[in-house]
Amino acid sequence: MLSAGLTFAAAVDARAEAGLVGPNAVIQLAEALRAAPDAVGAAEHVFSQAGFFRFLRTPPSDMIDEAIPARLFAALWRELPPEQATAIAHDAGRRIGAYVLANRIPSAARWVLGALPPRLAAPLLLKAIRKHAWTFAGSGACRVAPGRPSVITIERNPLAMPGGAWHVGVFECLFRALVSRRAIVRHANCPVDGVPICRFEIDILTPAKTVDVPLCPPRHTE
């Protein structure tokens, strides 16, 4: 079954209830900071300000409390200009997507999705994203809705940030690699009844509107 094969990780709902996310939320942020142009020493500064400098020397290898990347993201936005923080967070998200593609989605599932037209591939990818939302939403409540556009919402998103740059990067990488290179992800904060909800809309551009959109960064398997 495709739904069984699309396994981002061997997850259980208890992880979401405990507010745990994967260690790559930290690891790929460090990589994005180190790779950022005109940001020499930014990784050391941001991690130090967040109180997690130790993770630059010894990256986490197990599931971590969602509060750790949340504090790192807060430090990123506090210590760097908004444009730079946005670009780095987006790159970190794309690196997460690249890691997922290389290490968590079986090659057979990638092949099947790639062979399907976007209107059929998108709902299957959304289903997998919803099933394993703990990887990027932690204790947040994730819901998906196929359509035009496809929609992903995260209620009480523990990793929210201005513009949703990190999540946009994650979803952008996955949809462009597995559904359509013309996938575009937009974010909007839409509070409902006082509850903060992050909404992400994924559109597939028509050929006439296609822009030169990048795929994921090089995949790192270590």
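Note that the structure is a prediction, hence the values are computed from the model and not measured.

What follows concerns the nonpolar core. If you look at the biggest cluster of nonpolar residues, it comprises 62 residues, and the most contacted ones within it are Leu 33, Phe 47, Trp 166 and Phe 175. When sequence neighbours within four positions are dropped, the list of residues in contact with Trp 166 reads Ala 25, Phe 73, Ala 89, His 90, Ala 92, Gly 93, Ile 96, Phe 136, Leu 159 and Met 161.

Bringing the pattern of salt bridges into the picture now. One pass over the full model with this rule turns up 10 salt bridges. Across the salt bridge formed by Glu 155 and Arg 156, the nearest N and O atoms sit 2.8 Å from each other. Classification of Arg 156 by relative accessible area gives exposed; the value is 51%. One salt-bridge network, in which partners are shared between bridges, spans Arg 186, Arg 199, Glu 201 and Asp 203.

Aromatic rings in a pair are described by how distant their centres are and how their planes are angled relative to each other. All told, the structure shown has 4 aromatic pairs when counted by the stated rule. Ring geometry for Phe 52 against Phe 55: centres 5.6 Å apart, planes inclined by 20°, an arrangement best described as stacked. When its relative accessible area of 6% is taken as the criterion, Phe 52 is described as buried. A ring pair is formed by Phe 136 and Phe 171, whose centres lie 5.1 Å apart and whose planes are at 90°; its orientation type is edge-to-face. Here Phe 171 lies in helix H11 (residues 165–178) and Phe 136 lies in helix H10 (residues 134–137), a separation of 35 residues in the sequence. The exposure class of Phe 136 is buried, given its relative accessible area of 3%. The rings of Phe 136, Phe 171 and Phe 200 are connected pair by pair, giving a single aromatic cluster. Sitting above the plane of the Phe 55 ring, Arg 54 keeps its charged end 4.7 Å from the centroid.

Counting buried positions over the 6 residues of strand S4 (residues 150–155) gives 5, a clear majority of the element. Here 5 bridges tie strand S3 (residues 141–145) to S4, and the two strands are oriented antiparallel to one another. Looking at the pairing, Ala 141 lines up with Glu 155 of S4. Taking the residues between adjacent antiparallel strands as the criterion, S3 and S4 are bridged by 4 residues, where Gly 147 takes a positive phi near 150°. Of the pairings in the sheet, the one linking S4 to strand S6 (residues 197–204) comprises 6 bridges and is antiparallel in character. Across the sheet, the residue bridging to Ile 154 is Cys 198, located in S6.

Calculation rules
Residues numbered from 1 in each chain as written. Predicted model: local features only at pLDDT ≥ 70, side-chain atom pairs only at ≥ 80, totals over all residues. Heavy atoms only, no water. Core = buried A, V, L, I, M, F, W, Y, C linked by side-chain atoms within 4.5 Å. Buried < 20%, exposed > 50% of the residue type's maximum accessible area, 1.4 Å probe, protein only. Contact = heavy atoms within 4.5 Å. Salt bridge = Lys/Arg side-chain N within 4 Å of Asp/Glu carboxyl O. Phe/Tyr/Trp six-rings, centres within 6.5 Å; stacked < 30°, edge-to-face > 60°. Helix = DSSP H or I, 4+ residues; strand = E, 2+ residues; numbered from the N terminus. Lys NZ or Arg CZ within 6 Å of the ring centre and 35° of its normal. Pairing = 2+ DSSP bridges.

Such coordinate-based values are descriptive only and should not be taken to indicate function.
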